[in-house]
Amino acid sequence: MFKNKITLGILSLAFGLANAQMDSLKMNIDLRTRAELDNGARTLIPKGKSAETTVLSRARVGIDYYYKNLEVYLSAQDVRTWGETASNTGKNQNFTIHEAWAKYQFSGQFSLKLGKQILSYDNERLLGTLDWMMQGRSFETLKGIYTLSPNSKIEAAITYNNDDNDTNDL
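Note that the structure is a prediction, hence the values are computed from the model and not measured. (Residues numbered from 1 in each chain as written. Predicted model: local features only at pLDDT ≥ 70, side-chain atom pairs only at ≥ 80, totals over all residues. Heavy atoms only, no water.)

## Side note on the packing of aromatic side chains
Aromatic ring pairs are described here by two measures, namely the spacing of the ring centres and the angle between the planes.
Here is step 1 of the chain: In this structure the tally under the stated criterion is 3 aromatic pairs.
Here is step 2 of the chain: Each residue in the set Y104, F106 and F110 is aromatic and connected to the rest through ring pairs, giving one cluster.
Here is step 3 of the chain: Across the ring face of W101, the terminal group of K113 is positioned such that the distance to the ring centre comes to 4.1 Å. (Phe/Tyr/Trp six-rings, centres within 6.5 Å; stacked < 30°, edge-to-face > 60°. Lys NZ or Arg CZ within 6 Å of the ring centre and 35° of its normal.)

## Quick look at the side chain of S75
Here is step 1 of the chain: Here S75 is to be found in strand β3 (residues 70–81).
Here is step 2 of the chain: Judged by relative accessible area, which is 0%, S75 ranks as buried.
Here is step 3 of the chain: Look past the residues within four positions of S75 in its chain and what remains in contact with it is R60, V61, G62, T96, I97, H98 and E99. (Helix = DSSP H or I, 4+ residues; strand = E, 2+ residues; numbered from the N terminus. Buried < 20%, exposed > 50% of the residue type's maximum accessible area, 1.4 Å probe, protein only. Contact = heavy atoms within 4.5 Å.)

## Examining the side chain of Q117
Here is step 1 of the chain: Residue position: Q117 is located in strand β5 (residues 110–117).
Here is step 2 of the chain: Non-local contacts of Q117, meaning those with residues more than four positions away in its chain, are made with E99, W101, S138, F139, T141 and K143.

## Considerations on the pattern of salt bridges
Here is step 1 of the chain: Applying the stated rule across the entire model yields 10 salt bridges.
Here is step 2 of the chain: Between R58 and D30 there is a salt bridge; the shortest N-O distance is 2.5 Å. Taken as a pair, R58 in strand β2 (residues 52–67) and D30 in strand β1 (residues 25–38) lie far apart in primary sequence, 28 residues in all.
Here is step 3 of the chain: Counted as one network, the salt bridges with shared partners bring together D30, R32, R58, R60 and D131. (Salt bridge = Lys/Arg side-chain N within 4 Å of Asp/Glu carboxyl O.)

## Re unusual backbone geometry
Here is step 1 of the chain: Backbone geometry at N123 places phi at a positive 55°, although glycine is not the residue there.
Here is step 2 of the chain: For N123, the location among the structural elements is in the loop between β5 and β6 (139–149).
Here is step 3 of the chain: Look at E124: it is not a glycine, yet its phi comes out positive at around 65°.
Here is step 4 of the chain: Within the secondary structure, E124 is located in the loop between β5 and β6.

## Quick notes on the environment of G108
Here is step 1 of the chain: Relative to the helices and strands, G108 resides in the loop between β4 (95–105) and β5.
Here is step 2 of the chain: Taking C-alpha positions, G108 is 9.0 Å from Y146, a pair spaced 38 residues apart along the chain.

## Structural notes on the sheet that holds β3
Here is step 1 of the chain: Here we have 7 strands laid out as an open sheet, ordered β1-β2-β3-β4-β5-β6-β7, and antiparallel in their pairing. In this open sheet, the two edge strands, each paired with only one partner strand, are β1 and β7 (152–160). Shown here is a sheet whose adjacent strand axes are inclined to one another by a mean of 15°, direction ignored.
Here is step 2 of the chain: As paired strands, β2 and β3 are joined by 12 bridges and run antiparallel to one another. Across the sheet, residue Y67 finds its bridge partner in β3, namely L70. (Pairing = 2+ DSSP bridges. Axes fitted to C-alpha atoms, helices over the stretch in contact; angles between N-to-C directions.)

## Notes on the pairing of β4
Here is step 1 of the chain: Here 9 bridges tie β3 to β4, and the two strands are oriented antiparallel to one another. Residue pairing in the sheet places E71 in a bridge with K103 of β4.
Here is step 2 of the chain: Two elements, β4 and β5, share 6 bridges in a ladder whose sense is antiparallel. Residue pairing in the sheet places Y104 in a bridge with L112 of β5.
Here is step 3 of the chain: From the end of β4 to the start of β5, which pair antiparallel, there are 4 residues.

Note that all results are geometric; they support no functional claim without further evidence.
So this is what it looks like as structure tokens:
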């Protein structure tokens, strides 16, 4: 009887410690596949052109790590159109980092978040992730967050975007 209680106590302690460790690390996986029929999207249909069918897929993996007042998140994705990438290619341009940011909570009300992150405002009507597109959208941003109450906060973001069209580039 005493031996069973000790075993049960050790198992409970081990399970409790394992759960405490799991609270600090979260992982997510997002797999999407979509078939599209293109019959004149974004332009008039040229004479003699028949419709095209394409299949797109996205595989996204994210890791979210918490430690005291620090949260770090990394999300990588592979987005491709089936049949477009050769099986023997040495270069994979379909693999990208979707998000990579760190957030530090300075107090109960104020935090800063720095890195490549999603900006989503007004239920994504003003600015959003465009997650209906396979690659989605994220920004290189420094964001300050001031929480007024559990239901309201003020956010200020500074972002840098480059159209990669600089005449000084070689």
